[in-house]
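Residues per chain, in single letters:
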Amino acid sequence: MTAKRSVVLGCGSYLPQKVLTNAELAARIDTSDEWIVQRTGIRQRHIAAEGEFTSHLAINAARAALEHAGLDAQAIDLIVLATSTPDHTFPATAVAVQNELGIHHGAAFDLQAVCSGFVFALATADNFLRSGAYKRALVIGAETFSRILDWNDRGTCVLFGDGAGAVVLEAQDQPGLPSDRGVLTTHLRSDGRHKAKLYVDGGPSTTQTVGHLRMEGREVFKHAVGMITDVIVDAFDATGATADSIDWFIPHQANKRIIDASAHKLHIAPQKVVLTVDLHGNTSAASIPLALAVAVKDGRVKKGDLVLFEAMGGGFTWGSALVRW
Ligand SMILES: CC(C)(COP(=O)(O)OP(=O)(O)OC[C@H]1O[C@@H](n2cnc3c(N)ncnc32)[C@H](O)[C@@H]1OP(=O)(O)O)[C@@H](O)C(=O)NCCC(=O)NCCS
């Protein structure tokens, strides 16, 4: 019995040129490199240039992913772009990407699940591909969080950065075994009771302004590890995979302490954890594909490897995905 799977053909990423170090932040606000590194593991983040929009980051990441896949843009018939920092209220940033790539067929839309956006977008595209509705998808996470930060709020502005990452998926018939390549399982969750713990205090329907990110950091921290590990256990239960059988753990890069605690609780060996939070900060929906692109490029993630993704973010939203590379 065969199964249709969304197989990853390639991935790519893009970071804005400007790097903002902890030392530079400490020169502007009451913080220190030591405090930031100790609490979060973050050493620097990239910041989009004036006039450089989320769509620009996304297009660069998409082009890199297409090149890695060896695919012409015309082969793509679905674009799902996860972002909380779109170029405009509407239309979707995904259509700007679609147009720039010269694609005028299929569908392109944005998806908003904050830091869980990439996992939600991957699950969405996977379902469309497995249903037969589309053949090849670009799944993109792209953010310019620097535009929604209150740069006087030291509790939040030190945490986030800008960037984009993308993967190309193709619907393929696989044997229907645990050894199949592609997306093997996805698990998405949300609970709006927590919406005031991490939110943006503006929007088109409320203030008619963009607003700034607000967060109860301790509250987010308190819930994060439990939510992350629950949804990973769901992925293990659905597939029979275990902490031992996965090759790589590529979590949302929000905070090294959250990542370490989650890996520890699940007994995932530290050498399997891909960490880029030190260099990128929290790039929200972009963080997983950015980390993935690093681990693919440096040769860690190889064909046949079992890769576990996990994310948690505002809403709260959280989710996991297990993918055989
Ligand atoms: C944000 C976070 C690093 C703060 O660490 P914390 O240990 O919880 O710190 P608190 O917020 O309790 O603040 C402790 C002290 O540090 C201070 N502080 C906050 N930010 C600071 C900074 N950048 N530099 C120096 N001091 C800072 C606070 O003002 C507070 O000072 P006080 O005790 O004099 O009032 C931590 O809560 C966290 O990582 N939360 C999860 C955030 C996250 O990952 N969000 C995204 C999810 S997708």
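Above this text sits the structure in question.
Structural notes, computed from the coordinates.

What counts, and at which threshold
- The numbering scheme is per chain: residues are counted from 1 as the chain's sequence reads.
- The model is predicted, so local features are restricted to residues of pLDDT at least 70 and side-chain atom pairs to those at 80 or more, both for listing and for counting; the totals for chains, interfaces and linings are taken over all residues.
- Excluded from the side-chain calculations are hydrogens and water; all other atoms, namely the structure's heavy atoms, are used.
- In short, DSSP must find at least two bridges between two strands for them to pair.
- The helix and strand labels rest on DSSP assignments: H or I over at least four residues marks a helix, E over at least two residues marks a strand, and numbering proceeds from the N terminus.
- Here an angle of 0 to 180 degrees is reported between the N-to-C directions of two axes, which are lines fitted to C-alpha atoms, with helices fitted over the stretch in contact.
- Contacts are assigned to residue pairs with any non-hydrogen atoms lying within 4.5 Å of each other.
- Within 6.5 Å between ring centres, the rings of Phe, Tyr and Trp (the latter by its six-membered ring) count as paired, and their orientation is classed by plane angle as stacked under 30 degrees, edge-to-face over 60, tilted in between.
- Categorising residues by exposure relies on relative accessible area from a 1.4 Å probe, with only protein chains included: less than 20% of the type maximum marks a residue as buried, more than 50% marks it as exposed, and the intermediate range marks it as partly exposed.
- A ring is scored as having a charge over it whenever the NZ atom of a lysine or the CZ atom of an arginine sits within 6 Å of its centre and within 35 degrees of its normal.

A word on the sheet that holds strand β1 (residues 3–14). Taken in spatial order, the 5 strands line up as β1-β7-β6-β4-β5 in an open sheet, and their pairing is mixed. Across the chains shown, the open sheet's two edge strands, defined by having one partner strand only, are β1 and β5 (107–111). Strand-to-strand twist across the sheet, computed as the mean angle between neighbouring axes with direction ignored, equals 20°. Lying over the sheet, helix α3 (residues 54–69) contacts β1, β4 (78–82), β6 (136–144) and β7 (162–174), oriented at roughly 120° with respect to β1. Together, β4, β5 and β6 form the strand contacts of helix α4 (residues 93–100), whose direction differs from that of β5 by roughly 145°.

Under the criterion given, the structure shown has 4 aromatic pairs. Taken together, a centroid distance of 6.2 Å and an interplanar angle of 85° make the contact between Phe118 and Phe309 edge-to-face. Taken together, the residues span a long stretch of sequence, with Phe118 in helix α5 (residues 117–131) and Phe309 in strand β12 (residues 306–313) at a distance of 191 residues. One exposure class covers both Phe118 and Phe309, and it is buried. With centroids separated by 5.6 Å and ring planes inclined at 75°, the aromatic side chains of Phe128 and Tyr134 adopt a geometry described as edge-to-face. What makes Phe128 partly exposed here is its relative accessible area of 30%. Each residue in the set Phe109, Phe128 and Tyr134 is aromatic and connected to the rest through ring pairs, giving one cluster. If you follow Arg28 out to its NZ or CZ, it ends over the ring of Trp151, 5.9 Å from the centre.

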